[in-house]
Amino acid sequence: DSGVTQTPKHLITATGQRVTLRCSPRSGDLSVYWYQQSLDQGLQFLIQYYNGEERAKGNILERFSAQQFPDLHSELNLSSLELGDSALYFCASSVGTDRTEAFFGQGTRLTVV
Amino acid sequence: GENVEQHPSTLSVQEGDSAVIKCTYSDSASNYFPWYKQELGKRPQLIIDIRSNVGEKKDQRIAVTLNKTAKHFSLHITETQPEDSAVYFCAATPPGSNYQLIWGAGTKLIIKP
């Protein structure tokens, strides 16, 4: 157990819908990262938050948004879903200092039908 | 910005033989290089990491070497076992990147019995 909790584990939804993925980082970690992993693909970085503020953006679509709350949990919102959004979405957390080891959650498998 | 290239994309070795996966990076100031292992359907997990002030690090059957001059680092797995079959990702952290991990594309390691 990495200490990073993601919910839900599985999500099936229809095209055009909106979903919210949730992540609770490890205790003490201030930095949260979101990644998308399509079938047999690498880790595509979406966005990073540090102590409530957006720190870096990757290849995140305009239909996607995220935030980190005062209690440090984070949510990734995906809207106007398309078939191609089906993927495994990982959240990772780290202390956010020079100790950059990232711990991953178990992921949320999103299936858009 | 930093760019990490990983080779090979697929590596098949006989059980008991050694496996070597190599990553090259572009930003000579990058200072942290972790390796993650991802088993099928599971989250990536850190297996070993190295910082720029060290040339080699070992942990039982796995080792990582860093050549700062050539800007590459490698993962070495000796006496491979079936449970080593997985996808391996390398990453690099350039300074001033908000402790961002820049990922390689991954190597699928297949251990043949």
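Refer to the structure above for everything that follows.
If you're wondering where the values come from, they're calculated on a predicted model, not measured in any experiment.

**Some points on the environment of glutamate 82 of chain A**
Residue and element names in this part refer to chain A. Take glutamate 82: it is sitting in the loop between strand S8 (74-78) and strand S9 (87-94). For the pair glutamate 82 and phenylalanine 64, spaced 18 residues apart in sequence, the C-alpha separation works out to 12 Å. Those residues within four positions of glutamate 82 in sequence are excluded, and the remaining contacts are Thr15, Arg63 and Val112.

**Observations regarding the pairing of S8 of chain A**
All names here are of chain A. With five of its five residues buried, S8 lies for the most part within the structure. The two faces of S8 match: Ser74, Leu76 and Leu78 on one face and Glu75 and Asn77 on the other face are all buried. Direction of pairing for strand S3 (residues 19-24) relative to S8: antiparallel, over a ladder of five bridges. Paired with leucine 21 across the bridge in S8 is leucine 76. Here five bridges tie strand S7 (residues 64-68) to S8, and the two strands are oriented antiparallel to one another. Across the sheet, the residue bridging to serine 65 is asparagine 77, located in S8.

**Regarding the state of the cysteines**
A full pass over the atoms with the stated rule returns two disulfides over all chains. Across the disulfide, cysteine 23 of chain A is cross-linked to cysteine 91 of chain A (sulfur-sulfur distance 1.8 Å). Negative torsions about the S-S bond denote left-handed disulfides, and the value of about -50° found for cysteine 23 of chain A with cysteine 91 of chain A makes this one left-handed. Separated by 68 residues along the polypeptide, cysteine 23 of chain A in strand S3 and cysteine 91 of chain A in strand S9 bring together distant segments of the chain. Take cysteine 23 of chain A and cysteine 91 of chain A: they sit in the same class, and that class is buried. At a sulfur-sulfur separation of 1.9 Å, the disulfide partner of cysteine 23 of chain B is cysteine 90 of chain B. On the S-S bond that ties cysteine 23 of chain B to cysteine 90 of chain B, the torsion sits near -100°, and the link is left-handed. With a gap of 67 residues between them, cysteine 23 of chain B in strand S3 (residues 19-25) and cysteine 90 of chain B in strand S9 (residues 86-92) connect regions that are remote in the sequence. With relative accessibility at 0%, the residue cysteine 23 of chain B sits in the buried group. A relative accessible area of 0% means that cysteine 90 of chain B is categorised as buried.

**Observations concerning the interface of chain B and chain A**
On the side of chain A, 24 residues touch chain B, which itself brings 17 residues to the contact. Taking both sides of the interface into account, the surface hidden between chain B and chain A amounts to around 1800 Å²; carbon and sulfur atoms contribute 51%. Where chain B touches chain A, the interface holds five residue pairs in polar contact (both at pLDDT 80 or more). At the level of elements, strand S4 (32-38) and strand S5 (45-51) of chain B are the ones that each hand at least two residues to the side of chain B that touches chain A. When residues of the side of chain B that touches chain A are assigned to their parent elements, the largest contribution, three residues, is made by S4 of chain B. When its residues are assigned to classes, the side of chain B that touches chain A shows nine nonpolar, five polar and three charged.

Procedures and definitions
- Residues numbered from 1 in each chain as written.
- Chains lettered and ligands numbered in written order.
- Predicted model: local features only at pLDDT ≥ 70, side-chain atom pairs only at ≥ 80, totals over all residues.
- Heavy atoms only, no water.
- Helix = DSSP H or I, 4+ residues; strand = E, 2+ residues; numbered from the N terminus.
- Contact = heavy atoms within 4.5 Å.
- Buried < 20%, exposed > 50% of the residue type's maximum accessible area, 1.4 Å probe, protein only.
- Pairing = 2+ DSSP bridges.
- Disulfide = S-S within 2.5 Å.
- Buried area = accessible area lost by both parts, 1.4 Å probe.
- Polar contact = N/O pair within 3.5 Å; in protein donor to acceptor, adjacent residues only side chain to side chain.
- Nonpolar A, V, L, I, M, F, W, Y, C, P; charged D, E, K, R; others polar.

Just geometry here; none of it tells us what the structure is for.
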